[in-house]
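Listed here are the chains, written in short residue letters.
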Amino acid sequence: MNGCGALEKIGFRRDSYGMKIAIMTWFHFRNYGTALQVTALTKKLESYGHEVKVIQYYPTPRASTILTDSFITEIWGKIVSKIKNRNKYHVIGNKVENKFETFLKKQISLTEVCDSLPELELLNKEFDAFICGSDQIWTPLGFDRHYFLDFVKDPRRMIAYAPSIGVSDIKNKYVKEKMKELTKRFTYLSTRENTGAEILEELLGERVTTVLDPTLLLGSDKWLEIVEENEVSEKPYLLAYFLGSNEKYWKVVYKLAERLGLEVKIIPLFPADFRREGSLGNEIGPKEFVSYIANASYICTDSFHGVAFSINFKKNFCCFERFKVNEGNSQNSRIYNILDLADLRERLYSKGADLNKFEIKINYEKVSEKICREKNESEEFLLGALVQIENSKRSEEKKNHIYKQSSLCCGCGACAQVCPISAISIQM
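Definitions and limits used
Residues numbered from 1 in each chain as written. Predicted model: local features only at pLDDT ≥ 70, side-chain atom pairs only at ≥ 80, totals over all residues. Heavy atoms only, no water. Salt bridge = Lys/Arg side-chain N within 4 Å of Asp/Glu carboxyl O. Helix = DSSP H or I, 4+ residues; strand = E, 2+ residues; numbered from the N terminus. Buried < 20%, exposed > 50% of the residue type's maximum accessible area, 1.4 Å probe, protein only. Pairing = 2+ DSSP bridges. Axes fitted to C-alpha atoms, helices over the stretch in contact; angles between N-to-C directions. Parallel < 35°, antiparallel > 145°, perpendicular 65-115°, else oblique. Left-handed = near helix turned anticlockwise from the far one by under 90°. Contact = heavy atoms within 4.5 Å. pLDDT = per-residue confidence, 0-100.

**Q** What exactly am I supposed to notice about the pattern of salt bridges here?
**A** A pair can form between side chains of opposite charge whenever their charged atoms are brought close. What the rule picks out here adds up to 23 salt bridges. A salt bridge links Glu228 to Lys106, with the shortest nitrogen-to-oxygen separation between them at 2.7 Å. Of the two residues, Glu228 is situated in the loop between α7 (220-227) and β8 (237-241) and Lys106 in helix α3 (residues 94-107); the sequence distance between them amounts to 122 residues. Since its relative accessible area comes to 44%, Glu228 is described here as partly exposed. For Glu181, the salt bridge identified is with Lys178, shortest N-O distance 3.7 Å.

**Q** What is the right way to read the pairing of strand β4 (residues 129-132) from this model?
**A** In β4, alternate side chains face the same way, and those of Ala129 and Ile131 on one face and Phe130 and Cys132 on the other are all buried. For strand β1 (residues 20-24) and β4, the ladder comprises four bridges, and the chain directions are parallel. Bridge assignment links Met24 to a residue of β4, and that residue is Cys132. As paired elements, β4 and strand β5 (residues 158-160) share three bridges and run parallel to each other. Bridged to Ile131 within β5 is Ile159.

**Q** So what exactly am I meant to see when it comes to unusual backbone geometry here?
**A** Leave glycine aside and you will find that most residues have negative phi; peptide bonds, for their part, are mostly trans. Put simply, Gly133 and Ser134 share a cis peptide bond, and its omega is 5°. Take Ser134: it is sitting in the loop between β4 and β5. Here the phi dihedral of Ala162 falls at roughly 60°; this positive angle occurs in a residue that is not glycine. Positive phi values are uncommon outside glycine, yet Asp343 reaches one of about 55°. One can find Asp343 in the loop between α12 (332-341) and α13 (356-359). A residue is classified by how much of its surface remains accessible, and Asp343, at 43% relative accessible area, is partly exposed.

**Q** Which parts of the structure should I look at to understand the packing of α7 against helix α10 (residues 286-295)?
**A** Pairs of packed helices are described in terms of their axes, by the angle between the two and the distance that separates them. Where α7 contacts α10, the axes come no closer than 9 Å and their chain directions differ by 135°. Taken together, the axes of α7 and α10 lie oblique to each other. Here α7 runs over α10; the crossing is left-handed. Contacts from Trp223, Leu224 and Val227 in α7 reach Lys287, Val290, Ser291 and Ala294 in α10.

**Q** Whenever I open this one, the sheet that holds β8 confuses me. Can you help?
**A** Paired through backbone hydrogen bonds, the strands of a sheet run either parallel or antiparallel to each other. Spatially, the four strands line up as an open sheet ordered β9-β8-β10-β11, and their pairing is parallel. One side of each edge strand has no neighbouring strand; the edge strands of this open sheet are β9 (263-266) and β11 (317-319). Neighbouring strand axes in the sheet, compared pairwise and without regard to direction, differ in orientation by 20° on average. Bridging between β8 and strand β10 (residues 298-301) involves four bridges; their strand directions are parallel. Bridging from a neighbouring strand, Tyr241 pairs with Thr301 of β10. The strands touched by helix α11 (residues 304-312) are β10 and β11; relative to β11, the strand with the most contacts, the crossing angle is about 155°.

**Q** Even after reading the chapter, I still don't get the confidence of the model for the chain, so can you show me in this structure?
**A** Detail in the predicted coordinates should be disregarded across regions flagged by low pLDDT. Mean pLDDT over the chain: 86, with 80% of residues reaching 70 or higher. Below a pLDDT of 50 lies the segment residues 64-89, which in the model reaches 24 contacts outside its immediate sequence neighbourhood of four places, other chains included.

**Q** What exactly am I supposed to notice about the sheet that holds strand β2 (residues 51-56) here?
**A** In space, the seven strands of this open sheet follow the order β3-β2-β1-β4-β5-β6-β7, with parallel pairing throughout. Two strands lie at the open edges of the sheet, namely β3 (110-113) and β7 (209-210), each paired on one side alone. In terms of strand pairing, β1 meets β2 through four bridges, oriented parallel. Paired with Ile23 across the bridge in β2 is Val54.

Following this line, the structure appears as structure tokens:
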């Protein structure tokens, strides 16, 4: 996704003197999308001339949502379900864990660990601006008020950039009320999906901006530079990456590969995936994830970031719904939103669909034009908010430094004489 046009074309100047910015988002989950979105936002902010750190906060149950009876029932049901199905889920091995650690250590800087509200509040003294986003940090299914920057004292220093609510409806009324209370504090408020914007607009009674996921703010060339990309396969291949475990989808994957004359390569997440023909084994970290997408001839996925990177690298792809259409906590809206954003809803597979249409190459000239417009608008929102915070900071500094208000000082030295801690000196 290169050549979208410089920000100068939409009226911005890169005259920032640099601020210290803290990002509040997920970074610790060993998930490709999570690691790559925090990397992308960090790199974009650094390109504006700012010093950036990610807040080293690890969510715990005690920081989560109000425990209503219905919520406890819902969570307990999920725990029981996972215990019953524990053999279905893959636990990331040490090799992959090390690849994530190495990648993140190189790409982002972390604050000291902040385990409590008082520790988070201390960050107010260290940073000029705070950004929460992206990823599903605002999901009502695991509500944590700290991801709404509740610890920031001055709301004028807060930006919500592309947090995802993830679902199409907030069922817990207590969480809904808390989200309303917390989001009202934001002067600069955006979400990643139209669905999330609509939810907040209903809560707040005002328009909410929709912006691109940070991974789409970086062009494909920048991503290749970040991951130090090299060839991962000599033969053309279809890459499969699924967060769900629908066996019917795998039949479609192998059928498409056969029709396209491609071998299958799989980024495995479940034990069953490791046994499938084409499994890449327990060796895929964030760098390898991007490289395999960059070199693929075709991609099959049910992942939001799988689709985002497919679009960024202009790949032909087939997208699948991870959740059943009528499932209570379905997160399919994330997939629908990004497909609609790129006018690619026809790439969504439905039962019994004619596979011929998924063999047709995507017209990326049209798609890129739309994504580039969205990218410029997203950067306009982000950089515009940062400029406002910078200007406010400059005004405060001017107000607080008497040398910039020389008309108020006659040079009598009385202030130095009466200061109880000798903090003032007079220099000629």
